Amino acid sequence: MIKLYGLKVSYFTGKLEGYLRYKEIPFDFRSMSIADFRKLIPEKTGAMQMPAVELDDGRWMTDTSPMIDWFEKEYPAHPILPDDPVQAYLCRLIEDYADEWLWRPAMHFRWSYPVSAKLLARQIVDEMARDVLAPGWIKRNRTEKRQRTNFVEHDGVTDETRAHVEGGYIRLLEMLGRIFENRPYIFGDRPTLADIGLFGPLFRHFSMDPAPAVIMRETAPSVMEWVYRLWNAKASHIKGDLVTGVPDDLLPLIREIGETHLPALAANARAWTKGETRYDVDIQGAPYRRLPVSHYRVWCLEKLQERFNALDEPTRSAIETLLAGQGALDALLSVGDINSGYDAGGEAPFGRSIPVFADVKG
Ligand SMILES: N[C@@H](CCC(=O)N[C@@H](CS)C(=O)NCC(=O)O)C(=O)O
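As the structure is a computational prediction, the values presented were derived from the model and not from experiment.

Draft legend 1. Just the overall build of the protein chain, in detail. In terms of regular secondary structure, the protein chain is built from 16 helices and six strands. Taken against the 2.2 N^0.38 rule, which gives 21 Å for 362 residues, the C-alpha radius of gyration of the protein chain at 19 Å falls within 12% of a compact globule. Taking the principal axes of the C-alpha coordinates as reference, the protein chain spans close to 60 × 45 × 45 Å. Sorting the 362 residues of the protein chain into buried and exposed places 43% on the buried side. Considering only residue pairs separated by 6 or more positions, the protein chain has 76% of its internal contacts joining residues 24 or more positions apart.

Draft legend 2. Layout of the site of the ligand. Neighbouring the ligand are 13 residues; Ser 10, Tyr 11, Phe 12, Gln 49 and Thr 64 lie closest to it. Elements with a contribution of two residues or more to the shell around the ligand: helix H1 (11-23) and helix H3 (64-74). Each residue belonging to the shell around the ligand can be placed in one class, and the counts come to seven nonpolar, four polar and two charged.

Draft legend 3. Here's a closer look at unusual backbone geometry. Following Met 50, the chain continues to Pro 51 via a peptide bond in cis, the omega torsion being 5°. Even without being glycine, Arg 290 reaches a positive phi, approximately 55°. Looking at the secondary structure, you find Arg 290 in strand S6 (residues 286-292).

Draft legend 4. Inspection of the sheet that holds strand S2 (residues 27-31) at higher detail. Across the sheet, which stays open at both edges, the four strands sit in the order S2-S1-S3-S4 with mixed pairing between neighbours. Lying at the two open borders of the sheet, with one neighbouring strand each, are S2 and strand S4 (60-62). For this sheet, the mean inter-axis angle between neighbouring strands, taken without regard to orientation, is 25°. Pairing of strand S1 (residues 2-6) with strand S3 (residues 52-54) involves three bridges; the strand directions are antiparallel. Counted as the bridge partner of Leu 4 is Val 53 from S3.

Draft legend 5. Summary view of H1. With 13 residues, H1 extends 19 Å from end C-alpha to end C-alpha; this agrees with the ideal 18 Å at 1.5 Å per step. With respect to burial, H1 is a largely interior element, 12 of its 13 residues being buried. All of the buried residues in H1 are Tyr 11, Phe 12, Thr 13, Gly 14, Lys 15, Leu 16, Glu 17, Gly 18, Tyr 19, Leu 20, Tyr 22 and Lys 23. Of the surrounding elements, those touching the buried residues of H1 are S1, S2, H3, helix H5 (103-111), helix H9 (193-207) and helix H11 (221-231). Taken from the residues just after H1, Glu 24 is the one with a positive phi, measuring 60°.

Draft legend 6. Up close: the nonpolar core. In terms of nonpolar packing, the biggest core is built from 100 residues, with Ile 94, Leu 176, Ala 194 and Val 223 touching the most fellow members. Take this core: its biggest share by element is nine residues, from helix H4 (residues 85-101). Setting aside residues up to four positions removed in sequence, Ala 194 forms contacts with Leu 90, Cys 91, Ile 94, Glu 95, Ile 186 and Phe 187.

Draft legend 7. Expanded view of the pairing of S1. Two elements, S1 and S2, share five bridges in a ladder whose sense is parallel. Residue pairing in the sheet places Lys 3 in a bridge with Asp 28 of S2. Once the chain exits S1 it traverses H1 before rejoining the sheet at S2, and the crossover so formed is right-handed.

The rules behind these values
Along each chain, numbering runs from 1 in the same order as the chain's sequence is written. For this predicted model, a pLDDT threshold of at least 70 governs which residues receive local features, and a threshold of 80 or more governs which side-chain atom pairs are given and counted, while totals over whole chains, interfaces and linings are taken from all residues. Secondary structure elements follow DSSP: runs of H or I no shorter than four residues count as helices, runs of E no shorter than two count as strands, and numbering proceeds from the N terminus. Atoms counted for the radius of gyration: C-alpha only. Globule rule: 2.2 Å times the number of residues to the power 0.38. Three classes are used. A residue is buried when 20 or more other C-beta atoms lie within 10 Å of its own, exposed when 12 or fewer do, and partly exposed in between, with C-beta atoms placed from the backbone. Think of it this way: build a C-beta for each residue from its backbone, and any pair within 7 Å is a contact. Each residue gets a C-beta atom placed from its backbone. Should that atom fall within 6 Å of a molecule or strand, the residue is termed near it. Ten residue types, Ala, Val, Leu, Ile, Met, Phe, Trp, Tyr, Cys and Pro, are classed as nonpolar, four, Asp, Glu, Lys and Arg, as charged, and the remainder, Gly among them, as polar. Here a strand pair is declared whenever DSSP counts at least two bridges between the two strands. Axis angles are defined between N-to-C directions and span 0 to 180 degrees, where every axis is a line fitted to C-alpha atoms and, for a helix, only to the segment in contact. One fewer than the residue count of a helix, multiplied by 1.5 Å, yields its expected span. Nonpolar core, as used here: buried Ala, Val, Leu, Ile, Met, Phe, Trp, Tyr and Cys residues forming one set through C-beta atoms within 7 Å. Orient the strands so they point away from the viewer; a crossover is then right-handed if the path from the first strand over the helix to the second runs clockwise.

Right, dumping it as structure tokens:
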């Protein structure tokens, strides 16, 4: 049986668990210790990050997006990518937004509010650092400080951007709430990659961490219901179909991605091309300053462009019209052809991976 190393509070571990449970792929869950995180996992995968998967044949994988693609090939029953190539492309876009853009509000709500931060520091230390010989309060303080410094303060959350960071979550709940009034999953009666991607931030962070969860319960119970519907979903039990085309209630989400995630990806890629390590970008009028340049996210934009360019002409023009109608096309294509140099041989999720932020230490 495959071994899944991660934590029961982790964004990307939760995303992969949601996927594996839905696909009914059995796995043996292993809590990742600090020693695994600092030594074993980087040795095996190249990146100090979770989750990581060890296969029966001894191979290791990391990075949920290419891992899910690999599992989809190995377990082709009940595919999570829609047959409709327009819907499939939107799934990729929504997954990338959920993975990369929602990371900041998820970390902010977890580490800026003591009611969340104290609980999570306790949970992380209890699960990960039992063997570390130091008083519990020291381990918990260290964890809280590490996370807040790296993922809140160094990721552009300031007095000037805080309302915008939180507003993005509130808007997401409104948009998803409207969708789930109409159908159980983003594209219809069964989950797709769009649901799995959104599950990362929405499950382990927004629905479980005290500060954002109370907002979800009070203002968007249909989203809370979707989170746990997906957690309980089994592909072999769901017979539902997907909708035809792209429903109107999805357009605000595409617009939001076009105004937030895509311009941020483009600014990051431009800064990386110039060899910079920090960049500034204004998003929906909010001034994000000195954001860490991420090589990994240059690859994210490269993949989105590559997939776009590989589409056949009618599909590409349908997506072009759709994205342009929501003001989301320019940012996707504004940085001409990108060559991140990462995973040039197409080995991911095997081979040497890189973390999202290279500067973050154990
Ligand atoms: N692109 C990766 C991201 C994985 C990731 O960033 N995981 C987080 C925890 S949920 C992590 O390990 N961060 C590194 C750290 O905290 O230093 C994926 O999709 O698996």
